[in-house]
Amino acid sequence: MLTERQQHCLRGIGIQAWSQRADTLDNGPANRPVVEIAREAVPQAVENPVDSSPQEVAAENPVVRTPAPTSFDSWDSLIDAIHGCKACELGDNCTQKVPGVGDRQADLLIIGEGPGHDEDIRGEPFVGRSGQLLDRMLAAIGIAREQVYITNIVKCRPPNNRDPRQDEAQQCRAYLEAQIEQIAPKVILSVGRVSAHNLLGSNQPVGKLIQQMHKLPGTEIPLKVTYHPAYLLRNPSAKAIAWQDLKLLHQMLR
Ligand code: URA
């Protein structure tokens, strides 16, 4: 007799689990017990499906990578493409994609680095402690979160909050470029090192990049670099410099 488990495995590979007929009980070679034949037919991995580790399963079923599209018919198709993205491994491990939030016709576009733990859970950028500080910084110049658009260089949370890799940022670039094109902001605020380095193609320290006004390369859009709110939480003395950046931004938006 086949056990429940063996029957389940057989069904899984499309073999019907028949039982031995009473009139075939002599031991001729053509009449070997069904269970023996079944055992030969069932490959080891299928016989013990629950024993495969997630890594083994992933290795056996590699994700088919498809680069991000380069053009989008509409804002909705852009957001759908982000949600369905399989361009890099960040999307395999995050809880959900975090395309961005806010006014799609905003004058101010804020670009951070990538979702963290809270953003990954909520599906919205800058909602953790950094985000709360960012909201307060905006409020200080009379701007509500809903009046700006907020997004990140990468739309999926990098594991353990590591920096996004160059290739990951590159794969996500088409989404960001399409967002910038559709929003057509008056000013971009680039928060933190990863954002500034990616947007400006520079390796200079943020402390240096902060000192001058930039333009987003290839466009006429003014770009201001400022410290990341997470950095400001760790280094409150840098808030005075961030405040100067905000005041400048305020003037530009008037
Ligand atoms: N830090 C970022 O750069 N982006 C977020 O969305 C949250 C924290």
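None of the values given here were measured: they were computed from a predicted structure. (Residues numbered from 1 in each chain as written. Predicted model: local features only at pLDDT ≥ 70, side-chain atom pairs only at ≥ 80, totals over all residues. Heavy atoms only, no water.)

*Asks:* Requested: an account of the environment of Ala169, with residues and values cited.
*Replies:* Locating Ala169 in the fold gives a position in helix H9 (residues 166–183). For Ala169, a relative accessible area of 5% translates into the label buried. Expressed as a C-alpha distance, the spacing of Ala169 and Ser195, which sit 26 residues apart in the sequence, is 9.8 Å. If we skip the residues at most four places from it in the chain, Ala169 touches Ile153, Val154 and Asn198. (Helix = DSSP H or I, 4+ residues; strand = E, 2+ residues; numbered from the N terminus. Buried < 20%, exposed > 50% of the residue type's maximum accessible area, 1.4 Å probe, protein only. Contact = heavy atoms within 4.5 Å.)

*Asks:* Got a sec to walk through the side chain of Arg145? Specific residues and values, please.
*Replies:* Within the secondary structure layout, Arg145 lies in the loop between helix H8 (129–140) and strand S3 (149–152). Here the side chain of Arg145 touches Pro125 through a polar contact of 2.6 Å, landing on its backbone oxygen. (Polar contact = N/O pair within 3.5 Å; in protein donor to acceptor, adjacent residues only side chain to side chain.)

*Asks:* Help me get a handle on the pairing of S3, residues and values and all.
*Replies:* Burial along S3 is two-sided: Tyr149 and Thr151 facing one way and Ile150 and Asn152 facing the other are all buried. The pairing of strand S1 (residues 101–102) with S3 spans two bridges and is classified as antiparallel. Its bridge partner lying in S3, Val101 is registered against Ile150. Of the strand pairs in this sheet, strand S2 (residues 108–112) and S3 are connected by four bridges, and their pairing is parallel. From the neighbouring strand, Ile111 faces S3, where its bridge partner is Thr151. (Pairing = 2+ DSSP bridges.)

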